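This is what each chain is made of:
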Amino acid sequence: MTIPLVGPEIPKVVRTDEARFADLPDYPFAPHHAELLSCEALGPLRMHYVDEGPRDAPVVLMVHGEPAWSFLYRKMIPVFAEAGLRAIAVDQIGFGRSDKPTHPAQYTFARHIDWLSELIQQLDLRDITIVCQDWGGPIAMGALARMPERFARVAAGNTMLHTGEAALEGRITWAAHGSGEENATVANALLDWMHYTHRTLDFEASHSVVGTVARGMSPKVAAAYDAPFPSDLHKAGMRQFPVLIPVTRSDPGAALNQQTWQALARFEGPFLTIFGDSDPATRGWEAIFRERVPGAAGQPHRTLERAGHFWQEDCGAEAAAFIAKWIRETR
């Protein structure tokens, strides 16, 4: 007997009430939406994005990871817009003001790349500089691998491209690499995080952000990270992201990331790493990007002092000014 995953009492997709986004600190941006059609099983999905600055200017595409949303980039958006750039910050499906499928299995690594790619094509974005962090890196760079002609450069901050390959041994603090032909080595902290997101009843976005910044955060800002997720039905995507991390070579995500590495090896645009210094979860990846991506050669890579995993909170405006200057100098 097959038990339906979604019954009449559980909608396939939910949308967060707009009232929850009222009066958020330093987030005055007008909402924009695109209707995505790439997932037939779910029907049309609405994807939200912030769009500030001149519409005909070079694009800065800001892509968040777990468990954030475009609110993460609120300190950076005005800096880019004032520098004459088109500042677009997306809410990935399942996050922020975007629609949220309610069953975790509806979220896959490939679908996240599909959704972002469809938005880029709908808006016909070109001359794109990616600014990415955490899961925003594999997804945005996965979109670059599909249509590199639309992208000009990448600024990668505290992100990763897991493949499970043995060559990662000893290179990253949160280990995830092959060990022999049949086994994998995965750091306890990474496994604990993956398990926690599925096992805890009290899973709030703010807990993750507050615990991984270096300079503290006000209760009002912390509450804003929870605004999109009023119930567990709204948290399926947030719970699913950690278990999509490829920690074995046989994971489908490892194959996707291998394809992205291959595309980055051919990518001719500048590639910048801008990593916070207080983040064990991604420590070591900055060196791997600099070694493997030809466009990283000669770039003014930067380590952000007293900055954690969510460096956008710790020093977002400062980082945006540095990236804007780099864009101007590499055009």
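Above: the structure in question.
Rules used in this analysis
- Residues numbered from 1 in each chain as written.
- Predicted model: local features only at pLDDT ≥ 70, side-chain atom pairs only at ≥ 80, totals over all residues.
- Heavy atoms only, no water.
- Pairing = 2+ DSSP bridges.
- Helix = DSSP H or I, 4+ residues; strand = E, 2+ residues; numbered from the N terminus.
- Axes fitted to C-alpha atoms, helices over the stretch in contact; angles between N-to-C directions.
- Contact = heavy atoms within 4.5 Å.
- Salt bridge = Lys/Arg side-chain N within 4 Å of Asp/Glu carboxyl O.
- Buried < 20%, exposed > 50% of the residue type's maximum accessible area, 1.4 Å probe, protein only.

Trainee: Residues and numbers for the sheet that holds strand 2 (residues 32-36), please.
Mentor: Sheet architecture is open: 8 strands sit in the order 2-3-5-4-7-8-11-12, paired in mixed fashion. The sheet is open, and its two borders are formed by strand 2 and strand 12 (302-304), each paired with just one other strand. For this sheet the average axis-to-axis angle between neighbouring strands, irrespective of direction, equals 20 degrees. Relative to strand 8 (residues 151-159), strand 7 (residues 128-134) is paired through 7 bridges, and the arrangement is parallel. Bridge assignment links Gln133 to a residue of strand 8, and that residue is Gly157. Taken strand by strand, helix 10 (residues 311-330) contacts strand 4 (59-63), strand 7, strand 8, strand 11 (271-276) and strand 12, and its axis lies near 160 degrees from that of strand 11.

Trainee: Let's hear about the environment of Pro67: which residues, and what values?
Mentor: Within the secondary structure, Pro67 sits in the loop between strand 4 and helix 1 (77-82). Expressed as a C-alpha distance, the spacing of Pro67 and Gly237, which sit 170 residues apart in the sequence, is 8.8 Å. With sequence-adjacent residues up to four places away left out, Pro67 is seen in contact with Phe95, Ala205, Ser208, Val209, Phe229, Met238 and Phe310.

Trainee: How would you sum up the pattern of salt bridges? Please name residues and give values.
Mentor: Applying the stated criterion to the full structure yields 15 salt bridges. A salt bridge links Arg55 to Asp51; the nearest nitrogen and oxygen atoms lie 3.6 Å apart. Taking the relative accessible area as the measure of exposure, Arg55 reaches 43% and is therefore partly exposed. One salt bridge connects Arg86 with Asp51, and the closest N-O pair in it is separated by 2.7 Å. With a gap of 35 residues between them, Arg86 in strand 5 (residues 86-90) and Asp51 in strand 3 (residues 45-52) connect regions that are remote in the sequence. Residue classification places Arg86 among the buried positions, given a relative accessible area of 11%. According to the relative accessible area criterion, Asp51 is buried, its value standing at 4%.

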